[in-house]
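# Fold and geometry: a report
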Amino acid sequence: MAFEHRVRLELWLGRPAHLVEPLRAMTVAHPFREELHGLLMAALYQVGRQADALAAYRTARRILTEQLGLEPCPMLQSLNLAILRRDSDTVDAEVSGPLARPRRPSTVQVSTPPVRRELPAVPAGLTERAEQLSLLDQAAGTVQRGPVPPHGLPPCDGARAAPAVLVHGPPGAGKTALAVHWAHRAAGQFPDGQLYLELNGPSGPVEPADALARLLRSLGVPGPSGDVLEAAALLRSVLAGRRVLLLLDDASSIAQVEPLLPGGPEAFVMIIARARLGALTARHDMARVQVGPLSAAAALALLTALVGVTRVHAEPEAATDLVHLCAGLPLALRIAAGSLLDRPHRRLSTLVQELRTAHGLRAWQRMDPAWAALTDTLDASHRLLPAPARQLLRRMGTATTGPVSPATAAAFTDGDTTAAAGWLDLLTAAHLVREHPDGRYTVDPLTRRYVHDHAAGPDALGIPWSGRLER
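Residues numbered from 1 in each chain as written. Predicted model: local features only at pLDDT ≥ 70, side-chain atom pairs only at ≥ 80, totals over all residues. Heavy atoms only, no water.

## Considerations on the packing of helix 15 (residues 316-325) against helix 17 (residues 348-357)
- The N-to-C vectors of helix 15 and helix 17 enclose an angle of 35°; their axes lie 9 Å apart at closest approach. In the packing of helix 15 onto helix 17, the handedness of the crossing is left-handed. Residues Ala318, Ala319, Asp321, Leu322 and Leu325 of helix 15 form the contact with helix 17, whose participating residues are Leu348, Ser349, Leu351, Val352, Leu355 and Arg356. (Axes fitted to C-alpha atoms, helices over the stretch in contact; angles between N-to-C directions. Helix = DSSP H or I, 4+ residues; strand = E, 2+ residues; numbered from the N terminus. Left-handed = near helix turned anticlockwise from the far one by under 90°. Contact = heavy atoms within 4.5 Å.)

## Comments concerning the packing of aromatic side chains
- Enumeration according to the criterion identifies 3 aromatic pairs in this entry.
- For the ring pair tryptophan 182 and phenylalanine 268, a centre distance of 5.7 Å and an interplane angle of 55° mean the geometry is tilted. Of the two residues, tryptophan 182 is situated in helix 8 (residues 175-185) and phenylalanine 268 in strand 6 (residues 268-273); the sequence distance between them amounts to 86 residues. When sorted by exposure, tryptophan 182 lands in the same class as phenylalanine 268, which is buried.
- A centroid spacing of 4.8 Å and a plane angle of 65° characterise the contact between tryptophan 364 and tryptophan 371, whose relative ring orientation is edge-to-face. (Phe/Tyr/Trp six-rings, centres within 6.5 Å; stacked < 30°, edge-to-face > 60°. Buried < 20%, exposed > 50% of the residue type's maximum accessible area, 1.4 Å probe, protein only.)

## Details of a nonpolar patch on the surface
- Taken together, the side chains of Phe32, Leu68 and Leu70 present a nonpolar region at the surface, about 250 Å² in accessible area.
- Within the element layout of this structure, leucine 70 appears in the loop between helix 4 (50-67) and helix 5 (74-84). (Patch = residues over 30% accessible without salt bridge, like charges linked within 9 Å, V, L, I, M, F, W, Y side chains within 5 Å. Areas by Shrake-Rupley, 256 points an atom, 1.4 Å probe, with all protein chains shown as cover. Salt bridge = Lys/Arg side-chain N within 4 Å of Asp/Glu carboxyl O.)

## A few points about helix 8
- Turning to helix 8, its buried residues number three or more, namely Lys175, Leu178, Ala179, Val180, Trp182 and Ala183.
- Check the buried side of helix 8 and you find it contacts helix 7 (130-140), strand 1 (164-168), strand 5 (245-251) and strand 6.

What follows is the structure in structure tokens.
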């Protein structure tokens, strides 16, 4: 007891630095002394090692549950929660008096932040996505559903990587709509909260440190400033044992996503990305769900649902042409439908003629500013490409009208077939070109219109146009 009293006094005087190692040694020698574990947690917290302090709680809890069949005392649970929240006043209060308080049942009520329900509104008119919804159900079926003790982890029994799924597809295909629709449908599986984070802002991709800080704030915990590794460890600690859904929208890279992944099996992560991020899914054994353009029949059904049966049946050929011009992309179809709804007397054939004769998406945008939504999403995909890939995409979209072989792609760049094949793989992974079974590649119609905007003069991203090569 004299040792504990001296440690409490040193902590009260603000001199924790020399206490950590002696306390760690004492917890090893006396593993069932909860007051020692509490003092170690407080000392680690006071020297700025919040993640290590939370890890010390998990160690204490594992020892107590596995060897004694007991939950940590209320003091340790309260101290753990205070450290999670960076509540220094509560931490000081817990260690300033006797720590060996009478053990009460582990069902003690500890104040917790309200459960966050951050999902965007449910999108209307989800069409032809039954297969993708089923795949998401299968992926979520890997979430651990066993009982989780309050404020702690279940006994360690060979924990695996956190369940996660990557939802990927071309710009405008409705990836976010699909993910949000499924998330609302499955919200009951995640009683501890559903968090939504947009990873691509107006100024570009969100930095991992900022993303971590936002997630921690949503969970009621102030994050450490600037230290990505510490913040990532803290997020894993906060999510441990909690059934939470994380919906990470518009991810741009592996480096951006990896620090945000939980460490345990209870949380479920949905990552929405424009690219396939193959290395991420392989490294973390994630499921993958691809969202492509709608079939012609489904796209026509969506257009009919948006503008009404009467207008579509009055001009069936124009409706089919409009579906083709929109390349089956739900975003493009919704913009076109909005233009028609704004002008109830406008004929579908008139809109089709205007879109067909305009050169490039910028011309569409000049006719109706709503097309900026499609241009913006293509801009975001374009910005993520390295310069040689952007140049190859632009030449494929303006110099040819049919499929392109790797050899032709090499002629478009520096003549190196191996390098060109690599850029083609990158463009395919970004869903900006489509690979055919015969090994050739095609630029989709709307992407072709987009790259046309950059062909007449200097590229918006600084790549000069140096002429066309006809096949």
